[in-house]
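Structural overview
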Amino acid sequence: QALLYLDGVSVSFDGFKALSNLSLVMDPGEMRAVIGPNGAGKTTMMDVITGKTRPHEGSVLFQGSHDLT
């Protein structure tokens, strides 16, 4: 079972697509690094995972049953 599961997450701000159909699966004990240029959506992705920003589409699950949206 995935520890963190993002599927089809999209976020836009006044028409600007910060995230478009983002999917990510992290298993327990796994480490990931997220890299990219300014404006790539790294902070928006973290804001969605932490609950600061609600996605317009998609789902975010922690430990398979906790809906983070």
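The text that follows walks through the structure, step by step, so that each part is easy to find. (Residues numbered from 1 in each chain as written. Predicted model: local features only at pLDDT ≥ 70, side-chain atom pairs only at ≥ 80, totals over all residues. Heavy atoms only, no water.)

1. Describing the environment of leucine 24
Mapped onto the elements, leucine 24 comes out in strand β2 (residues 16-26). We classify leucine 24 as buried; its relative accessible area is 16%. Taking C-alpha positions, leucine 24 is 5.0 Å from leucine 6, a pair spaced 18 residues apart along the chain. The contacts of leucine 24, once residues within four sequence positions are left out, are Leu4, Tyr5, Leu6, Arg32 and Met45. (Helix = DSSP H or I, 4+ residues; strand = E, 2+ residues; numbered from the N terminus. Buried < 20%, exposed > 50% of the residue type's maximum accessible area, 1.4 Å probe, protein only. Contact = heavy atoms within 4.5 Å.)

2. Describing the pairing of strand β3 (residues 57-62)
The pairing of strand β1 (residues 4-13) with β3 spans five bridges and is classified as antiparallel. Bridge assignment links tyrosine 5 to a residue of β3, and that residue is leucine 61. Judged from the two bridges that link them, β3 and strand β4 (residues 66-67) form a sheet pairing that is antiparallel. If you follow leucine 61 over to β4, its bridge partner there is aspartate 67. (Pairing = 2+ DSSP bridges.)

3. Here we look at the side chain of serine 10
Inspection of the secondary structure puts serine 10 in strand β1. On the basis of relative accessibility, which here comes to 5%, the residue serine 10 falls in the buried class. Looking at serine 10, its side chain comes within polar contact range of the main-chain nitrogen of asparagine 21, at 2.9 Å. (Polar contact = N/O pair within 3.5 Å; in protein donor to acceptor, adjacent residues only side chain to side chain.)

4. Points about the sheet that holds β3
Taken together, four strands build an open sheet; the order of strands is β2-β1-β3-β4 and the sheet is antiparallel. The open sheet is flanked by β2 and β4, the only strands paired with a single partner. Bridge count between β1 and β2: seven bridges; the pairing is antiparallel. Each bridged residue has a counterpart across the sheet, and for valine 9 the counterpart in β2 is leucine 22. In this fold helix α1 (residues 42-50) packs onto β1, β2 and β3, with an angle of close to 120 degrees to the strand it touches most, β1. (Axes fitted to C-alpha atoms, helices over the stretch in contact; angles between N-to-C directions.)

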